[in-house]
Every structure is written in structure tokens, then in C-alpha cells.
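Residue strings, one per chain:
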Amino acid sequence: MSVRKRTIEEHGKRTISLQGNQTLTEALQALQNLQYSENDTYLVVTLSDEKYHVMLFADLKAILKKLGPDSLTQPLSSLPLAPVSRIVPTETTESGGDLLAWVASHPQAPVVVTDAGKFAALFINPNRSGEAGLADNLSLLGLQGELVQLSQDHRADYVPKVQPPTCPHCHQANFYRLNEAMQFFCPNCKGLV
Ligand SMILES: [Zn+2]
């Protein structure tokens, strides 16, 4: 069996696919240029070891809020995006239907379909019904400010609208950092947040 093109067209999620050495700025520019919605478009990052990280664009807000504007220019491979649960080549022993059934029964477990080793499609059961409260009034593109200007003049006039979070341990307002385990920590007291 294999995953047929039609299955991909009908059930694959809308994606923007970038390499690990590209940046969040490039991802957001692509989102803007394509006029896709952050609420139904997934960022797919191909890492150098042929692994994939995936995140709904709307969920990138949480990262931007915690790490601040620096996260816009760091390589995507250094951001805490979710690893995919399975990588399945189009020529697989499973049928497309089997694969879709697996996805349906595994919420929040992204599956990447590859064709000749390249990213071809993303299947995911977002199952976000209980998370409506996480939605912000500010859109992702609103949060990151006048990013449109970045394409002409890298970082020049960029004023972030995002305010640094307050550490729950030492109560200082600072953008968080990431440790090697991809956990956020406060740069002042080093406490995990
Ligand atoms: Zn602290």
C-alpha cells in the first residue's frame, strides 16, 4: 500500500516548510506573503538529521512571548518546537486510511509523510477543543510588530510589541532563555519557568 496523493490533498494540513537554519522571521514572512491564517497553518522545520519539528503558527506566540524578539532571528532548529511522532514514506506498507485512523486516535501527534526523503505532507489531529482559553486577542503578526519592514531592512526599525514575562520565582521581568533540554529558564535566578 501507499499514501495516495488524493489522501494527502484531502487530509494534509496547510504547511510552510523551512530548514532548521532558517529563522522565525522567514517563517512569518512566508505566512504573510501567502496570506495563510496562523490558526490553520503549521510550520514544518526539517532538521539537518532528517528529523522534523512542527508547530501551529498560532502556538509560536508562546515562544515569542517567553524568549522575546531574539527568537525571531535564531535558527528554527534552536527553538522548542514539537518533534513529529512518526515519519512515514509515501511508499509505506500502510494504507492512507490506516494512517489517518492512527492520526485520529493520537491527538497532538504530528505525522510527516515524506516523498523521496523530502517533506511531502503533514497529518495531525489537533484536538484543541479544550484549549480555547489559550487564544490571545493579539495575532501572531500583531505580536511581532512591524515585521513587514524586516524584508527591506533587517532588524532596523523593529519595535517588538511583546513585553517580557515576569519570573514566578524572583519576580523580575526578563525574556526567558532556553537550556540544552529546551526548557525555559529565568536568566536572573536560573529557575525553570
Ligand atoms: Zn527568576
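Refer to the structure above for everything that follows.
Residues numbered from 1 in each chain as written. Predicted model: local features only at pLDDT ≥ 70, side-chain atom pairs only at ≥ 80, totals over all residues.

Q: Any details on the overall build of the protein? Residues and values, ideally.
A: Scanning the protein from terminus to terminus reveals five helices and nine strands. Mapped in sequence order, the helices and strands of the protein form the string α-β-α-β-β-α-β-β-α-β-β-α-β-β. A total of 193 residues make up the protein; the buried ones form 24% of that total. Counting only contacts in the protein whose residues sit at least 6 apart along the sequence, the fraction spanning at least 24 positions is 58%. (Helix = DSSP H or I, 4+ residues; strand = E, 2+ residues; numbered from the N terminus. Buried ≥ 20, exposed ≤ 12 C-beta atoms within 10 Å, placed from the backbone. Contact = placed C-beta atoms within 7 Å.)

Q: Give me the lowdown on helix H3 (residues 60–67), citing residues and values where you can.
A: Looking only at H3, the buried set comprises Leu60, Lys61, Leu64 and Leu67. The buried residues of H3 occupy one face: seen down the axis, they fall within an arc of 150°. Positive phi appears at glycine 68, one or two residues downstream of H3, with a value of about 80°. (Arc of directions from axis to C-beta.)

Q: Help me get a handle on the sheet that holds strand S6 (residues 111–115), residues and values and all.
A: Strand-to-strand pairing in sheets goes through backbone hydrogen bonds, with the strands running parallel or antiparallel. The strand order S5-S6-S7 describes an open sheet built from three strands, whose pairing is mixed. The strands lining the two open edges of the sheet, one partner per strand, are strand S5 (86–89) and strand S7 (118–123). The mean inter-strand angle of the sheet, taken between neighbouring strand axes irrespective of direction, is 30°. Here five bridges tie S6 to S7, and the two strands are oriented antiparallel to one another. (Pairing = 2+ DSSP bridges. Axes fitted to C-alpha atoms, helices over the stretch in contact; angles between N-to-C directions.)

So, to be careful, I would describe these as geometric facts and stop short of saying anything about function.
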